[in-house]
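Now for the letters of each chain:
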Amino acid sequence: MITMEVKKRYEPNPVHIYHPTPYNAITVLRDRKQTHEFLVCGWYLDTFRERGAVKGLVYRSVASDEDKEHVMTELKKLDKEASVKFGL
């Protein structure tokens, strides 16, 4: 899960990388201050709410080496100096 506090450190519009799975796209957040740093959240599953307020977003993490390599390749096309972090 990515909490809303963590998400505030990243740009509001995420990068989506197409991936042929049941979820179709992997969500990647770009850091607001360090524009070459990316956080790979994974496949969006649901919104975590507590008493009606959104507390975080639930993602299925990118676990396989093949999927991670695919994400790295696509991000390098967008930013040659990309520094990628998978999950928190």
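Right, let's walk through the structure included here. (Residues numbered from 1 in each chain as written. Predicted model: local features only at pLDDT ≥ 70, side-chain atom pairs only at ≥ 80, totals over all residues. Heavy atoms only, no water.)

### A word on the pattern of salt bridges
For step 1, the next point in the chain: The tally for this structure, following the rule as stated, stands at three salt bridges.
For step 2, the next point in the chain: Of the charged contacts in the structure, one is a salt bridge between Glu 5 and Lys 8, with a shortest N-O distance of 3.5 Å.
For step 3, the next point in the chain: According to the relative accessible area criterion, Glu 5 is exposed, its value standing at 58%.
For step 4, the next point in the chain: Judged by its relative accessible area of 53%, Lys 8 falls in the exposed class. (Salt bridge = Lys/Arg side-chain N within 4 Å of Asp/Glu carboxyl O. Buried < 20%, exposed > 50% of the residue type's maximum accessible area, 1.4 Å probe, protein only.)

### Considerations on the side chain of Thr 27
For step 1, the next point in the chain: Among the secondary structure elements, Thr 27 is positioned in strand β3 (residues 25-30).
For step 2, the next point in the chain: With a relative accessible area of 5%, Thr 27 lands in the buried category.
For step 3, the next point in the chain: Apart from residues lying up to four places away in sequence, Thr 27 is in contact with Pro 14, Val 15, His 16, Leu 39, Val 40, Cys 41, Gly 42 and Tyr 59. (Helix = DSSP H or I, 4+ residues; strand = E, 2+ residues; numbered from the N terminus. Contact = heavy atoms within 4.5 Å.)

### What to know about the nonpolar core
Across soluble globular proteins, nonpolar side chains show a tendency to be buried alongside one another.
For step 1, the next point in the chain: Counting residues in each nonpolar core, the largest one holds eleven residues, listed as Val 15, Ile 17, Ile 26, Val 28, Phe 38, Val 40, Trp 43, Val 62, Val 71, Leu 75 and Ala 82.
For step 2, the next point in the chain: Of all the secondary structure elements, the ones that give two or more residues to this core are β2 (15-18), β3, β4 (37-50) and α2 (65-78).
For step 3, the next point in the chain: At three residues, β4 tops the list of elements feeding residues into this core.
For step 4, the next point in the chain: With residues up to four places along the chain from it excluded, the contact list for Val 15 reads Ile 26, Thr 27, Val 28 and Leu 78.
For step 5, the next point in the chain: Counting residues in each nonpolar core, the second largest holds eight residues, with Ile 2, Leu 29, Leu 57 and Tyr 59 among its members. (Core = buried A, V, L, I, M, F, W, Y, C linked by side-chain atoms within 4.5 Å.)

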